[in-house]
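Fold and geometry: a report
These are the residues of each chain, in order.
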Amino acid sequence: MLRKFIVVINIVLLAGCASVPKKMEMIEAAASKQEQIEAQQFAQLPKMKKYKRKIIIGRFSNETNYGKSLLADENNDRIGKQASDMLSSRLVKSNRFLVFERPDLNKIEAEQDITNEKDLVGADTIIIGSVTEFGRSVTGKEGFLSSTKMQTAKAKIDIRLVDAKTGQAFFSATGAGEASTESGEMAGFGSAADYDATLNDRSIAAAVSDVINNLIVSMENRSWKTDILEVKDKNVYISGGKSQGIKEGDVLWVMQKTKSVKSAQSGFTIDLPPEKVGSIKIVSLFGETETNEGSIGEILDGTIDAKNLKDLFVKEGE
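Residues numbered from 1 in each chain as written. Predicted model: local features only at pLDDT ≥ 70, side-chain atom pairs only at ≥ 80, totals over all residues. Heavy atoms only, no water.

**Quick word on the overall build of the protein chain**
Filter applied, for reference: By the criteria applied, helices consist of DSSP H or I runs no shorter than four residues and strands consist of E runs no shorter than two, each listed in order from the N terminus. Burial status follows relative accessibility: with a 1.4 Å probe on protein chains alone, a residue under 20% of its type maximum counts as buried, one over 50% as exposed, and anything between as partly exposed. The criterion used for residue contact is that any of the two residues' heavy atoms lie within 4.5 Å. Surface accessibility follows the Shrake-Rupley procedure with a 1.4 Å probe radius. Residue values consider only the protein chains on display as shielding.
Each helix and strand counted, the protein chain has 5 helices and 14 strands in total. Considering the protein chain as a whole, with its 318 residues, one finds that 33% of them fall into the buried category. Counting only contacts in the protein chain whose residues sit at least 6 apart along the sequence, the fraction spanning at least 24 positions is 69%. When the accessible area of the protein chain is evaluated, it comes to approximately 20700 Å², of which 53% is carbon and sulfur surface.

**Regarding the pairing of strand β8 (residues 235–239)**
To keep it simple, the criterion reads: At least two DSSP bridges between two strands are required for those strands to pair.
As judged from the 4 bridges shared by strand β7 (residues 225–232) and β8, these two strands associate in the antiparallel manner. Opposite Lys232, over in β8, you have Asn235 as the bridge partner. Counted along the chain from β7 to the antiparallel partner β8, the turn is 2 residues long, and its residue Asp233 has a positive phi close to 55°.

**Considering helix α5 (residues 198–220)**
Note the cut-off: Expected helix span is computed as 1.5 Å times (number of residues minus one). To obtain the bend at a residue, axes are fitted to the seven residues ending there and to the seven starting there, and the angle between these axes is taken.
For α5, built from 23 residues, the straight-helix expectation of 33 Å at 1.5 Å per residue is met to within 8% by its first-to-last C-alpha distance of 33 Å. At Ile212, α5 shows its largest bend, some 40°.

**Here we look at the nonpolar core**
How we decide: Side-chain atoms within 4.5 Å are what join buried Ala, Val, Leu, Ile, Met, Phe, Trp, Tyr and Cys residues into a set we call a nonpolar core.
Counting 27 residues, the largest nonpolar core has Leu87, Leu91, Ile127, Ile159, Leu215 and Met219 as its most contacted members. Of all the elements in the fold, those that place two or more residues in this core are β1 (53–62), α3 (78–94), β2 (97–101), β3 (125–142), β4 (146–163) and α5. Examining the composition of this core, we find that 9 residues originate from one element, α5, more than from any other. Here Leu91 is in contact with Ile55, Ile57, Arg96, Phe97, Val99, Ile127, Ile212, Ile216 and Met219, once residues within four sequence places are set aside. One finds Val236, Ile280, Ile299 and Leu312 within the second-largest nonpolar core, a separate group that totals 16 residues.

Have a look at this one:
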């Protein structure tokens, strides 16, 4: 009897000493999961080139049957426009390019005709793409007292980079994305998810994020150059300024085109390597926006022929 009493006392004491672990609280991150993924992707990019390249986002279409009907307006391509907007946003956010829109070129030109102002900016690279796969699926399991439901959306996009001068596609890439949501019930309790329209947006965003790194690396591998506007005394006026990353004190090379020869093998006209004819040092900048910015460079060495500007251009010094 005494032994049983001692055992009971020990159990009571141990119970009194035991503490119930605190329930862990879930704290949401300051940035969304998608924003965290994008930040990690941008962190993995190579060191940014000194000067920003100018790029154009051209046609971006939905080549799937999703969202299409016999009465649908071909100009109302919501999925294609959504993918284009997301891609444009990612490129602007990377702070590595000057991004110009061209999907609504006819509307832009019509507005410029009204205002009698035409100031479209040319670029070296055009991005063309399409949503090639898009779809949704619903799966689930049912038991005696429980059930689960999984909604999944998948998207795939194809992108090509086109040389604006020759029309040649020099790079292509594919990105795939997936988004899902799950709900469940147990003995009549739980969540019963309706159609989740946000899955479409999230899957397209994931496909764009999947392709963005390779796209940026390929575009940055293209050499930066700009044209000469005017040569006056010892000063050279060039296109491009603060928006492209040009600063006072930068030293640039002035190059002269040599000769263009048509290749019998490929049919393309090939420019033979240009020759360096001088160098300039940027002394001041002018203009207010990326469409009218310029820089003034002082000639450091060489001879720059003001009568032959069409064969001259400026590139980043090596």
